[in-house]
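Listed below, chain by chain, are the residues.
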Amino acid sequence: MKEIVIISGKGGTGKTVITASIAALAKNKVMGDCDVDASNLYLLLHPEIKEKNDFYAGIIPSINLEKCTNCGRCQEVCRFEAIKTIKSQTVIDLISCEGCGLCALVCPVQAIQMKENHCGEWYISETKYGPLVYARLGIAEENSGKLVTLVRQNAQTIAKKNNLELIIVDGPPGIGCPLIATLSGADLAVVVTEPTLSGIHDLERVVKVAQHFGVKTVVIINKYDINLENSSKIKNWCQKDNIPIIGKIHFDNIITEALVKGVPVVEYSDNTVTKEIKDIWQRLKEMLCLPLDQFLPDV
Amino acid sequence: MIISVASGKGGTGKTTIAVNLALALAKDKGKNVKFLDCDVEEPNAHLFLKPVITSSESVEIPVPKIDDKKCNYCGKCAEVCVFNAIAVTKNKVLVFPGLCHGCGACSLFCPGKAISEEGNEIGILEEGKAGSINFTHGRLNIGEPMAPPIIRKIKTKIKKDYNGNRSNDITNHHITLIDAPPGTSCPVIESIKGSDYTILVTEPTPFGLHDLILAVEVLKKLNILHGVVLNKCDIGDHKVEEYCKKNDIPLLLSIPLDREIAVAYSQGIPIVKISPFYEQKFIQLFQKIAQTI
């Protein structure tokens, strides 16, 4: 069983479009969407939800106003400026609260209770391409890293149970907690970049994170023809660091057209973009040493 | 006045909007413009504003340091830590700095006063000048998971300028622009809370609309005034416009997919530097927002 994660550092470089196309090309696989803040893969794969689960993580405080003496001890110890006094009443700002529980521990009259926090949902679903695990983090909630881990664990369980040889994971942007939760322990990180200064800057940072966690990394240059000079800078940087570039995709509005129609671009068109993505999938198969049946043509 | 620029989906043009707005406003000598890049995971605004950095400081979170001589391995610290950042065995205390949020519960509750705190660097903050613009950004260290403490630190720079009393300064003369990270979770909230207005940047595709709806939910929850900038407005469908109209969200500005803008962007050149037309557009964008506030 192999797990590939598609990441980018910078948002909007084309992770989800590429993930959906690989999902359409590969066989015997399960998909996971680890961009739990703003999951988009399901908009292209059109899943039927089989199982809906609540996600609880962390704890949040609530004040019993009858017990509270407004002594101010909780406000004094809170390091996140989450407790304020408004009209001489102690109140908690849950948006600023980190959920450490220190306020409840120090309250001399036990007026603060910590309760479990419902902060999202996750789903096991079926698509015409295979199973998809995805999630929705509650609005303005925390603990996205834990939700990412849940998505990955469930995708792995499905793969094991059904003897699937490949897990395809659509990752989040950035390099912080959700990205680290997506990346750690994966077999291969596929970084999608674009030839802009931001794209290059963010590529370098996300590749360093992948190296830091010991995950093998390859690169795809999307929209490579919008700035050929920057594309060759990316090529040189990757060569210097021994990072294989497994493909380039040129800029074509057909990608947006397919997106608006809600289908993976490889199923929407047969033009150069589709050929470029098929070449990328071919390279990936070779790199991952997938079983031979991945190489047989569709009947 | 504090204006933040955010979006659910990444890569829609947050930095482009924030940078061009800052440059257009800074041309007016009566305006004091401050730019805070709060996307500390992938900060990009400096690539366009090219600030001269004049100071740099380390951002640390206080993590526990155990004094072996005083510790009797009672386990109280591990019991009060909800983040599982401390584990206590029979004769050893293990601290996991990556999990620590720096809340201070362990040191406060240690019966033997065996825990002190030491700073663990998670990133850096840099300040400088880009022309007349006061520039600040942060940078999360590679491998560190937690962005919000760096964002909190960047935002203390607002307080300093406003002398702790922001309401005195909700004028059109002091303008703070915040470039937020993508998404809808903690780093975004930390970046935009306290703003007088948030510009949501999106694109006319199913992804753009889906993530815009999530971002609008966040702003409603935080009770922040907001409007939409539609970038590459001619590439997809009309559903974002329909959504904004139906929900009474002002569409502040629409920018077509323009090869000139895209090429300039890829080279790190802000569009207002080469196009007086767009400079005017960004000034109008600000005027619309100022009127709403």
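Quantities reported herein were computed from a predicted structural model and do not represent experimental measurements.

## Observations concerning the interface of chain A and chain B
Argument step 1. The interface is formed by 51 residues belonging to chain A together with 52 residues belonging to chain B.
Argument step 2. Where the side of chain A that touches chain B is concerned, the elements lending two or more residues are helix H4 (102–106), helix H5 (144–161), helix H6 (177–183), helix H7 (197–212) and helix H9 (254–261) of chain A.
Argument step 3. With 8 residues, H7 of chain A is the largest single contributor of residues to the side of chain A that touches chain B.
Argument step 4. Taken together, the residues of the side of chain A that touches chain B break down into 21 nonpolar, 21 polar and 9 charged.

## Considering the packing of H7 of chain A against helix H8 (residues 228–240) of chain A
Residues and elements named next belong to chain A.
Argument step 1. Following both chains from N to C, one finds H7 and H8 inclined at 15 degrees, their axes separated by 10 Å at the closest point. If you check the angle between H7 and H8, you find them roughly parallel. As H7 runs across H8, the sense of the crossing is right-handed. Here Ile200, Leu203 and Glu204 of H7 come into contact with H8, specifically with Asn230, Lys233, Ile234 and Trp237.
Argument step 2. Within the contact of H7 with H8, the residues separate by chemical class into 4 nonpolar, 1 polar and 2 charged.

## A few points about helix H10 (residues 276–292) of chain B
Residue and element names in this part refer to chain B.
Argument step 1. Between its first and last C-alpha atoms H10 spans 25 Å; for 17 residues at 1.5 Å apiece the expected length is 24 Å, and the two agree.
Argument step 2. Here H10 has its buried residues at Tyr278, Phe282, Leu285, Phe286 and Ile289. Seen along its axis, H10 keeps its buried residues to an arc of 95 degrees; they face one direction. Away from the buried face of H10 by more than 90 degrees, exposed residues Pro276, Phe277, Gln280, Gln287 and Gln291 are located.

## Topic: the sheet that holds strand E11 (residues 245–249) of chain A
Residue and element names in this part refer to chain A.
Argument step 1. Judged by pairing direction, the sheet is mixed, and its 9 strands sit side by side in the order E3-E6-E7-E2-E8-E1-E9-E10-E11 without closing on themselves. For this open sheet the edge positions go to strand E3 (48–63) and E11, each flanked by a neighbour on one side alone. Sheet twist, expressed as the average angle between the axes of neighbouring strands with direction ignored, equals 20 degrees.
Argument step 2. Where strand E6 (residues 112–127) lies against strand E7 (residues 130–137), 8 bridges are found, and the strand directions are antiparallel. Among the inter-strand pairings, Trp122 is bridged to a residue of E7, identified as Ala135.
Argument step 3. The strands touched by helix H1 (residues 15–25) are strand E1 (2–7), strand E2 (29–33), strand E8 (166–170), strand E9 (188–193) and strand E10 (217–222); relative to E8, the strand with the most contacts, the crossing angle is about 160 degrees.
Argument step 4. Where H8 meets the sheet, it contacts E9, E10 and E11, and its direction lies at approximately 175 degrees from that of E10.

## Here's the deal with the domain arrangement of chain B
Argument step 1. As assigned here, chain B comprises domain 1 (2–59 + 122–292) and domain 2 (68–113).
Argument step 2. Each of domain 1 of chain B and domain 2 of chain B has a C-alpha centre, and the two are 40 Å apart.

## Observations regarding the nonpolar core
Argument step 1. Membership of the largest hydrophobic core comes to 176 residues, with the highest contact counts inside it found for Val151 of chain A together with Leu21, Ala22 and Leu177 of chain B.
Argument step 2. At 9 residues, the largest contribution of residues to this core is made by helix H1 (residues 14–26) of chain B.
Argument step 3. When near neighbours in sequence (up to four residues on either side) are disregarded, Leu21 of chain B contacts Leu177, Phe282, Leu285 and Phe286 of chain B.

## Regarding the domain arrangement of chain A
Argument step 1. Each assigned domain of chain A is listed here: domain 1 (2–46 + 128–295) and domain 2 (58–118).
Argument step 2. Using only C-alpha atoms to locate each centre, domain 1 of chain A and domain 2 of chain A end up separated by 41 Å.

## A short note on the pairing of strand E6 (residues 115–130) of chain B
Residues and elements named next belong to chain B.
Argument step 1. With 14 bridges connecting them, strand E3 (residues 52–66) and E6 associate as antiparallel partners. Considered in E6, the bridge of Ile53 is made with Gly128.
Argument step 2. In this sheet, strand E7 (residues 133–140) lies alongside E6 in antiparallel orientation, the contact comprising 8 bridges. Following the sheet pairing, Glu127 is matched in E7 by Thr136.
Argument step 3. Hairpin remark: E6 followed by E7, antiparallel, with 2 residues in the connecting loop; positive phi at Gly131, about 60 degrees.

Conventions used here
Residues numbered from 1 in each chain as written. Chains lettered and ligands numbered in written order. Predicted model: local features only at pLDDT ≥ 70, side-chain atom pairs only at ≥ 80, totals over all residues. Contact = placed C-beta atoms within 7 Å. Helix = DSSP H or I, 4+ residues; strand = E, 2+ residues; numbered from the N terminus. Nonpolar A, V, L, I, M, F, W, Y, C, P; charged D, E, K, R; others polar. Axes fitted to C-alpha atoms, helices over the stretch in contact; angles between N-to-C directions. Parallel < 35°, antiparallel > 145°, perpendicular 65-115°, else oblique. Left-handed = near helix turned anticlockwise from the far one by under 90°. Expected span 1.5 Å × (residues − 1). Buried ≥ 20, exposed ≤ 12 C-beta atoms within 10 Å, placed from the backbone. Arc of directions from axis to C-beta. Pairing = 2+ DSSP bridges. Domains from an automatic or database assignment. Core = buried A, V, L, I, M, F, W, Y, C linked by C-beta atoms within 7 Å.

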